[in-house]
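Architecture at a glance
Spelled out from the first residue to the last, the chains are:
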Amino acid sequence: MSAAPLPTLAEAGRKIASGDLSPVALTEAALTRAATLQPKLDAFIEITADRARAAAQRAEREIAGGRRRGPLHGIPYGLKDIYDAAGLRTTAHSRLLLDNIATTDAETTARLEAAGMILIGKLATHEFATGGPAFDLPFPPARNPWNTAHFTGGSSSGSGAAVAAGIVSLAMGSDTGGSIRLPAAYCGTVGLKPTYGRVSRRGVAPLCYSLDTTGPLTWTVEDTALAMQVLAGHDPLDPGSADVPVPDYRATLRDGVKGLRIGYCSAFNRDGEIGSEQTAALDATAQTLAKLGAEIIEVALPPNAQFQACARAISHSESFAIHAKDLRTHPELYARVTRERLMLGGFLTATQYVQAQRLRRILTRKVDALFETVDVLLTAVIPGPAPVLEETDDGPWRRQQPLASVFNVTGHPAMAQPCGFATGLPLSAQFVGRAFDEATVLRVGHAYEQEAGWIAKRPALAAL
Amino acid sequence: MPDDPNSDFAAAVRRAGVAIPEDRWEVMRDAYESMQALLKILDDPLAYEDEPAALPRYDAGIKR
């Protein structure tokens, strides 16, 4: 196999099923591509080549013996290095966990392994899925495959880079305030933050218990549907997990958008101070959906400042509770940006935390009410294309008000996917659905993706 | 500590039990003030019945 980008999950699954593609050859291609691009992208903390080769041979034997487990059997994937995989380190990209060997799989890892997928490595993240890109850690920050001078977004930075560069077609991320959707947006991939409770968080290093979600980054919406079919489901050992039936995500994927009502949040986007190119790309996205038969309705979200107050009070408080002991006893082990951002949580009061949780319920009800008149919301996820890596805000207080964390506050499923380019870098749209209605989000995203055609464009780096 | 030891920020740092290097004190105080300015919204009065979002669900472990 050439060193071309790996095929999508759907394509690889079809070819493996027909015998036109071998899991061993596919895994070797992924490992070659990972090793070749690592000096440019720093996407991986660790490439697990021996383990991957053994798993690929096992998959090949099983499939040849008529024991194909499903559409993902024999296909490589990557894990953000906050997910446990038994026998491997989970470092969280931190000096504090350099010797932390996982003894069991995260529930999500176990599900992907049971589906027959092949782990090729642990991916870079922002330290403990927070902070920002840092140069004072044992591992460098990942770089954007579209332009390696630019930021990947985070915190699932290696996941975005690895999928965009075609090293893997599925990488797991986590999203507390946008950490799946931001790297998806900056790297031009699809990234789904499922509904809070839809996908297990057990065995994934926590940042903020009441906002953390886990989910996939992929190149196509169909691949996100395939991944969600394996990942979604109740985990009784995850206290935040919801016991809600999981639909067949591919059953409605190709149903189109005719008759669907799309709520366009243009005032909210302006409130988020998005750039003119991003605005134009979102307007064009709405027009494309209208052309496909959707009804576009202007809707108003509550002011972003209310969501930000909630998100920041809750995430800073909970993450400080998790890290307080280490911050007090050996703060020097954290990157400066992580340490300072985590410390802010220690300056909040219990009253502020409780008030934020009370306001959160009010805001969630208001967003739920919007879904009485629309089926999906369309918003910005970021103000514009990826900034230069070294110019990324690394202060303790993020100056830019993120747009993505709105739906961490409310828990609704939200998916980022490409909607254009500016200065050679991807722009992204965000589709948001009713709680536990990822299927309709995927349906809209797939219809748009097929019509817009952005998936045909890959980073020049990926042509290596 | 290059600050009035009775200031809100100095008190918050003491209560948090963390140490801030002298050369980062001003940056952290500025971050603290920016955070508190945003969180003023949380002082708006709420109704008694507006309960928090993150409440325990005791049915979560019940087998159905």
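An account of the accompanying structure is given in this report. (Residues numbered from 1 in each chain as written. Chains lettered and ligands numbered in written order. Predicted model: local features only at pLDDT ≥ 70, side-chain atom pairs only at ≥ 80, totals over all residues. Heavy atoms only, no water.)

**Concerning the overall build of chain A**
Each helix and strand in chain A was counted, giving 14 helices and eleven strands. Relative to the 2.2 N^0.38 estimate, which gives 23 Å for 464 residues, the radius of gyration of chain A is 20 Å and therefore close to what a compact globule would have. Counting every position in chain A, which comprises 464 residues, the buried fraction comes to 64%. A separation threshold of at least 6 residues defines the contact pool for chain A, and within that pool the share at least 24 residues apart is 79%. Accessible surface, chain A as shown: approximately 15,200 Å² in total, 53% of it carbon and sulfur. With 45 positive and 46 negative side-chain charges, chain A shows a spacing of 1 Å between the two charge centroids. (Helix = DSSP H or I, 4+ residues; strand = E, 2+ residues; numbered from the N terminus. Rg over C-alpha atoms; globule rule 2.2 N^0.38 Å. Buried < 20%, exposed > 50% of the residue type's maximum accessible area, 1.4 Å probe, protein only. Contact = heavy atoms within 4.5 Å. Areas by Shrake-Rupley, 256 points an atom, 1.4 Å probe, with all protein chains shown as cover. Lys, Arg positive; Asp, Glu negative; His and termini not counted. Charge placed at Lys NZ, Arg CZ, Asp CG, Glu CD.)

**Remarks on the interface of chain B and chain A**
Counting residues at the interface gives 34 residues for chain B, matched by 36 residues for chain A. Together chain B and chain A conceal approximately 3,000 Å² of surface at their shared face, both sides included; 65% is due to carbon and sulfur atoms. For the pair chain B and chain A, the interface holds two salt bridges. Between D50 of chain B and R365 of chain A there is a salt bridge, and its shortest N-O distance comes to 3.5 Å. Our count for the contact surface shared by chain B and chain A stands at ten residue pairs in polar contact (both at pLDDT 80 or more). (Buried area = accessible area lost by both parts, 1.4 Å probe. Salt bridge = Lys/Arg side-chain N within 4 Å of Asp/Glu carboxyl O. Polar contact = N/O pair within 3.5 Å; in protein donor to acceptor, adjacent residues only side chain to side chain.)

**A look at the environment of G293 of chain A**
Residue and element names in this part refer to chain A. If you trace the backbone, G293 turns up in the loop between α9 (276-291) and β8 (295-298). Overall, G293 belongs to the partly exposed group, its relative accessible area being 31%. The contact partners of G293, leaving out residues within four places of it in the chain, are V257, K258 and G259.

**Focus: the pattern of salt bridges**
Residue and element names in this part refer to chain A. Within the structure shown, the criterion is met by 21 salt bridges over all chains. The residue K15 makes a salt bridge to E11 at a minimum N-O spacing of 3.0 Å. Of this pair, K15 and E11 both sit in helix α1 (residues 9-18), four residues apart, which is roughly one turn of the helix. For K15, a relative accessible area of 34% translates into the label partly exposed. Accessibility expressed as a relative area gives 30% for E11, which makes it partly exposed. With a shortest N-O distance of 2.9 Å, R202 and D235 are connected by a salt bridge. In this pair, R202 sits in the loop between β5 (190-193) and β6 (213-218) while D235 sits in the loop between α7 (221-231) and β7 (261-264), placing the two residues 33 residues apart along the sequence. You can call D235 buried: its relative accessible area is 3%. Because the salt bridges share partners, they merge into one network encompassing E107, R111, R202 and D235.

**Considering the pairing of β6 of chain A**
Residues and elements named next belong to chain A. Counted residue by residue, β6 has six buried out of six residues, so it is predominantly covered. Relative to β6, strand β4 (residues 170-175) is paired through six bridges, and the arrangement is antiparallel. Within the sheet, the bridge partner assigned to G173 lies in β6 and is G215. Sheet topology note: the β5/β6 ladder contains two bridges and is antiparallel. Across the sheet, G191 pairs through a bridge with L217, a residue of β6. (Pairing = 2+ DSSP bridges.)

**Structural notes on the packing of α9 of chain A against helix α14 (residues 438-452) of chain A**
Residue and element names in this part refer to chain A. It is the contact of α9 with α14, at a shortest axis distance of 10 Å, that shows an interaxial angle of 100 degrees. Here α9 lies roughly perpendicular to α14, going by the angle between them. Across the interface between the two elements, T285, T288, L289 and K291 from α9 touch V444, Y448 and E451 from α14. Split into classes, the residues belonging to the contact of α9 with α14 amount to three nonpolar, two polar and two charged. (Axes fitted to C-alpha atoms, helices over the stretch in contact; angles between N-to-C directions. Parallel < 35°, antiparallel > 145°, perpendicular 65-115°, else oblique. Nonpolar A, V, L, I, M, F, W, Y, C, P; charged D, E, K, R; others polar.)

**Concerning helix α11 (residues 336-343) of chain A**
Along α11 of chain A, seven of the eight residues are buried, which leaves the element largely enclosed by surrounding structure. Of the positions making up α11 of chain A, those classed as buried are V337, T338, R339, E340, R341, L342 and M343 of chain A. Contacts from the buried residues of α11 of chain A go to α10 (304-329) of chain A together with α2 (25-38) of chain B.

**Some words on the environment of T423 of chain A**
Relative to the helices and strands, T423 of chain A resides in the loop between β10 (414-422) and β11 (425-433). Distance in space between the C-alpha atoms of T423 of chain A and G132 of chain A is 23 Å, their sequence separation being 291 residues.

**A word on the environment of A321 of chain A**
Residues and elements named next belong to chain A. Turning to its location among the elements, A321 is positioned in helix α10. By relative accessible area, A321 is classed as exposed at 60%. Expressed as a C-alpha distance, the spacing of A321 and G384, which sit 63 residues apart in the sequence, is 33 Å.

**Re the side chain of Q355 of chain A**
Note that Q355 of chain A resides in helix α12 (residues 350-370). Apart from residues lying up to four places away in sequence, Q355 of chain A is in contact with L42, D44 and L46 of chain B.

**Some points on the nonpolar core**
Across soluble globular proteins, nonpolar side chains show a tendency to be buried alongside one another. Residues and elements named next belong to chain A. Membership of the largest hydrophobic core comes to 159 residues, with the highest contact counts inside it found for I120, I167, F347 and L377. Considering each element in turn, this core owes the most residues, nine residues, to α10. Those residues within four positions of I167 in sequence are excluded, and the remaining contacts are L6, A30, R33, A34, L37, L41, F44, I120 and A162. (Core = buried A, V, L, I, M, F, W, Y, C linked by side-chain atoms within 4.5 Å.)

**Looking at the packing of α7 of chain A against α14 of chain A**
The axes of two packed helices give the description: the angle between them and the distance between them. Residue and element names in this part refer to chain A. It is the contact of α7 with α14, at a shortest axis distance of 9 Å, that shows an interaxial angle of 155 degrees. Here α7 lies roughly antiparallel to α14, going by the angle between them. Across the interface between the two elements, V221, E222, T224, A225 and M228 of α7 pack against E438, L442, G445, H446 and E449 of α14. Class assignment of the residues belonging to the contact of α7 with α14 gives a composition of four nonpolar, three polar and three charged.

**Details of the sheet that holds strand β3 (residues 118-123) of chain A**
Backbone-to-backbone hydrogen bonds pair the strands of a sheet. The strands run either parallel or antiparallel. Residue and element names in this part refer to chain A. A sheet is described by the order of its strands in space; here eleven strands give the open sequence β1-β3-β2-β4-β6-β5-β10-β11-β9-β7-β8, paired in mixed fashion. A strand with exactly one partner marks an edge of an open sheet, and here the two such strands are β1 (44-47) and β8. Sheet twist, expressed as the mean angle between neighbouring strand axes with direction ignored, is 30 degrees. Taken together, the three bridges between β7 and strand β9 (residues 376-380) define a ladder with parallel strand orientation. Note on β9: the bridge partner recorded for G263 is L377. Against the sheet, helix α4 (residues 107-114) engages β2 (76-80), β3, β4 and β6, with an angle of about 175 degrees to β2.

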